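Structure at a glance
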Amino acid sequence: MHCRVCSQSRLEQFLDLGDQPHCDSLLRPEDLGQREPFYPLQVCFCHECTTVQITYTVPKETMFGEYLYVSGTTETLRTHFRTSTERLINKLGLKAGDLVVDIGSNDGTWLACYQPFGLRTLGVDGARNLAAMANARGVETWARFFNADVAREIIASKGRARLVTAAGVFFHLEELHSVTAGIAELIRDGGVFCVQAISLGEMLKYTQFDQVYHEHLTYWTVASLDRLFALHGLEIISADLLPIHGGSLELLVATRGSRPVDPSVDRVRAEEKRLGFDRIETYRQFGQRVWEIRDELLAILRRYADDGKKVYAFGAPAKGATLLNSFHITTDLVSCATEVNPLKVGKYIPGARIPIVDERQTDLPDAYLILPWNFLKEFLRKKRDYIMNGGAFIVPIPKPIVIDRSNYDEHAG
Ligand SMILES: [Zn+2]
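None of these values were measured; they are calculated from a predicted model.

1. Digging into helix 4 (residues 128–136)
Within the span of helix 4, buried status applies to Asn129, Leu130, Ala131 and Ala134. Residues of helix 4 that are buried make contact with strand 6 (141–142). One or two residues past the end of helix 4 sits glycine 138, with phi positive at roughly 90°.

This is the structure:
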């Protein structure tokens with residue numbers, strides 16, 4: 001295999017999560033009679049350019065043609081997009097009539113935030129169901145996978161963009177180089193590209209191994225992204241860390257030499273070096289910690305099972321499938337997963353085959369296993385009464401813990 005960024009072949013595997021199904025291909029009841037497809041889920045480090053990546057690519061049409069993750073579902077995410085919008089408009093001095101293009105625009109939640117400011121917006125998303133939702137709410141969205149060809153069509157029909165954004169999609173890109181080339185074209189008249197992506201640094205710090213799934217092909221640091229952007233005449237002009245999704249990088253990127261580079265870029269780069277993100281040993285240690293989490297979490301779940309207590313998963317996010325399938329957790333330990341997303345209710349988590357039920361119509365278990373731990377604080381607020389009445393949260397990451405009324409305040413903070 002060749003590196004997705006630098007095309008060299010000096011890759012070393014440091015974590016093997018076994019064969020797993022595509023995490024978002026939820027099973028319908030009628031699918032249960034046959035085995036779903038499983039694909040290798042192995043993570044490696046490029047000794048040449050330091051990019052962390054998975055080895056196997058499930059075709060993007062399989063993963064994203066119909067997509068179940070809807071941005072507008074959680075309050076945390078809606079608030080995040082509102083504040084991001086205001087920050088970017090102020091920082092870049094965007095004016096009414098300027099064009100904003102969002103890549104992987106999902107249901108249009110982010111772009112809708114720009115409309116009150118009179119900006120023109122265009123979403124591009126390969127998921128037909130989401131593009132239809134966005135168009136229905138008045139956010140123009142092309143149901144396409146963004147690449148250099150799509151960028152040329154956008155320029156021909158709408159002109160170049162002042163701002164191109166990609167939130168939570170930059171690690172998804174099968175056509176990494178064509179997408180980056182397209183972005184470079186779109187912002188060539190002084191525009192800026194804003195990328196928000198899961199921070200590999202935060203993944204390492206908190207052992208968030210469940211961010212590894214087939215949809216996430218690459219795991220970025222400022223140093224590795226810099227390498228990619230340089231190949232397309234771009235450079236990072238500012239770097240920030242945001243709390244969303246357990247810690248995300250927000251980078252602003254522009255045509256090389258077109259704008260001053262903020263000191264934050266060198267600061268983050270130096271910090272990455274200090275933490276050893278450019279060395280394989282760091283990743284080998286991360287791999288070992290994953291199996292320690294497994295042993296501790298299984299001990300907790302077995303204790304509940306042995307006491308005849310019920311544990312439900314809270315939510316059925318993509319990362320939850322990775323966690324369950326990596327640790328071989330099935331219905332004997334976690335009998336169902338409760339969800340509010342109607343696209344998921346009635347289906348089954350692939351691999352583990354745990355049924356997904358409507359949270360509002362399901363009884364309360366003795367404990368919830370919190371799979372979307374990135375929204376833990378929101379859930380703690382929402383389920384305060386449940387915990388005060390004797391319920392508990394089992395939180396797997398970064399170290400398995402049980403939150404009940406004795407330590408609620410410490411975590412709800
Ligand atoms: Zn490489």
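Still more to cover.
2. Comments concerning the sheet that holds strand 7 (residues 163–167)
Read across the sheet, seven strands follow the order 6-5-4-7-8-11-10 without closing on themselves; strand pairing throughout is mixed. Each having just a single partner strand, strand 6 and strand 10 (234–242) make up the two edges of the open sheet. Inspection of the sheet shows strand 4 (residues 99–103) paired to strand 5 (residues 120–124) by five bridges, in the parallel sense. When the sheet's bridge partners are listed, leucine 99 is paired in strand 5 with arginine 120. The strands touched by helix 2 (residues 75–92) within the sheet are strand 7, strand 8 (192–198), strand 10 and strand 11 (248–255), with strand 8 carrying the most contacts at an inclination of about 150°.

3. A short note on the side chain of glutamine 53
Inspection of the secondary structure assignment puts glutamine 53 in strand 3 (residues 52–54). When sequence neighbours within four positions are dropped, the list of residues in contact with glutamine 53 reads Met1, His2, Cys3, Arg4, Leu11, Gln42, Val43, Cys44, Cys46, Leu217, Thr218 and Tyr219.

4. Describing the coordination of the zinc ion
Binding of the zinc ion to the protein goes through Cys3 (SG), Cys6 (SG), Cys46 (SG) and Cys49 (SG), at separations of 2.3 Å. Taken together, the four donor atoms coordinating the zinc ion span angles of 103 to 114° at the metal, a pattern that classifies the geometry as tetrahedral. Each donor residue of the zinc ion belongs to the same chain, and together they define the spacing C-x2-C-x39-C-x2-C. Within this pair, whereas cysteine 3 is found in the segment before strand 1 (11–21), its partner cysteine 46 is found in strand 2 (residues 38–46), the two being separated by 43 residues in sequence. A residue is classified by how much of its surface remains accessible, and cysteine 3, at 4% relative accessible area, is buried. Judged by its relative accessible area of 0%, cysteine 46 falls in the buried class.

5. A look at the packing of helix 8 (residues 222–230) against helix 9 (residues 263–274)
At their nearest, the axes of helix 8 and helix 9 sit 9 Å apart, and the two run at 120° to each other. By the angle between their directions, the pair helix 8 and helix 9 is classed as oblique. Here helix 8 contributes Val222, Ala223 and Asp226 to the contact with helix 9, which in turn contributes Val265, Val268, Arg269 and Glu272. A breakdown of the residues in the contact of helix 8 with helix 9 according to their chemical character gives four nonpolar, no polar and three charged.

6. Describing unusual backbone geometry
Most peptide bonds adopt trans geometry, and most residues besides glycine take a negative phi value. Of note, the amide linkage connecting isoleucine 397 to proline 398 takes the cis form, showing an omega dihedral of 5°. The backbone of threonine 50 sits at a positive phi, close to 70°, despite the residue not being glycine. Take threonine 50: it is sitting in the loop between strand 2 and strand 3. You can call threonine 50 buried: its relative accessible area is 15%.

7. A look at empty space enclosed by the protein
A complete count under the given rule lists two cavities of 30 Å³ or more for this structure. Here the largest cavity defines a volume of roughly 40 Å³. In terms of lining residues, the largest cavity is bounded by Phe14, Val43, Val52, Leu200, Met203, Val212, Tyr219 and Phe286. Taken together, the residues of the lining of the largest cavity break down into eight nonpolar, no polar and no charged. Each pocket or cavity is described by its volume, and for the second largest cavity that value is around 30 Å³. What lines the second largest cavity is simply Cys23, Leu26, Ala316, Pro317, Ala318, Ala321 and Ile349. Within the lining of the second largest cavity, the residues separate by chemical class into seven nonpolar, no polar and no charged.

8. With respect to the domain arrangement of the protein chain
Looking at the assigned domains, one finds that the protein chain contains domain 1 (63–278) and domain 2 (298–412). The straight-line distance from the C-alpha centre of domain 1 to that of domain 2 is 30 Å. In this complex, domain 1 contributes 18 residues to the contact, which on the side of domain 2 involves 17 residues. When the two sides are added together, the surface that domain 1 and domain 2 hide from each other amounts to roughly 1,500 Å², 67% of it contributed by carbon and sulfur. Viewed at the interface, domain 2 and domain 1 are joined by zero salt bridges. At the junction of domain 1 and domain 2, the tally comes to two residue pairs in polar contact (both at pLDDT 80 or more).

9. Focus: the pairing of strand 2
The pairing of strand 1 with strand 2 spans eight bridges and is antiparallel. Pairing of proline 21 across the sheet is with phenylalanine 38, part of strand 2. Note: strand 2 against strand 3, three bridges, orientation antiparallel. Residue pairing in the sheet places valine 43 in a bridge with isoleucine 54 of strand 3. Linking strand 2 back to strand 3 in an antiparallel pair, the connection comprises five residues, with threonine 50 at a positive phi of about 70°.

10. Points about the packing of aromatic side chains
Tallied over the full model, the rule gives 18 aromatic pairs. When the ring of phenylalanine 170 is compared with that of tryptophan 220, the centres are 6.1 Å apart and the planes differ by 45°; the resulting orientation is tilted. Of this pair, phenylalanine 170 sits in the loop between strand 7 and helix 6 (176–186) while tryptophan 220 sits in the loop between strand 9 (218–219) and helix 8, and the two are 50 residues apart along the sequence. Look at phenylalanine 170 and you get buried, because its relative accessible area is 1%. When its relative accessible area of 0% is taken as the criterion, tryptophan 220 is described as buried. Members of the aromatic cluster, connected to one another through ring pairs, are Phe314, Tyr368, Phe375, Phe379, Tyr386 and Phe393. Across from the ring centre of phenylalanine 38, 4.1 Å away, lies the NZ or CZ of arginine 35, which sits over that ring. Across from the ring centre of tryptophan 373, 5.1 Å away, lies the NZ or CZ of lysine 319, which sits over that ring.

Basis of the calculations
- Residues numbered from 1 in each chain as written.
- Predicted model: local features only at pLDDT ≥ 70, side-chain atom pairs only at ≥ 80, totals over all residues.
- Heavy atoms only, no water.
- Buried < 20%, exposed > 50% of the residue type's maximum accessible area, 1.4 Å probe, protein only.
- Helix = DSSP H or I, 4+ residues; strand = E, 2+ residues; numbered from the N terminus.
- Contact = heavy atoms within 4.5 Å.
- Pairing = 2+ DSSP bridges.
- Axes fitted to C-alpha atoms, helices over the stretch in contact; angles between N-to-C directions.
- Donors = N, O, S within 2.8 Å, 3.2 Å for Na, K, Ca; no water.
- Tetrahedral: all angles 85-135°; square planar, octahedral: opposite > 155°, others 65-115°.
- Parallel < 35°, antiparallel > 145°, perpendicular 65-115°, else oblique.
- Nonpolar A, V, L, I, M, F, W, Y, C, P; charged D, E, K, R; others polar.
- 1 Å grid on protein atoms, 1.4 Å probe; cavity = no way out; pocket = protein on both sides within 12 Å on 5 of 7 lines; lining within 4 Å.
- Points joined across faces, edges and corners; volume = space filled by probe spheres on them.
- Domains from an automatic or database assignment.
- Buried area = accessible area lost by both parts, 1.4 Å probe.
- Salt bridge = Lys/Arg side-chain N within 4 Å of Asp/Glu carboxyl O.
- Polar contact = N/O pair within 3.5 Å; in protein donor to acceptor, adjacent residues only side chain to side chain.
- Phe/Tyr/Trp six-rings, centres within 6.5 Å; stacked < 30°, edge-to-face > 60°.
- Lys NZ or Arg CZ within 6 Å of the ring centre and 35° of its normal.

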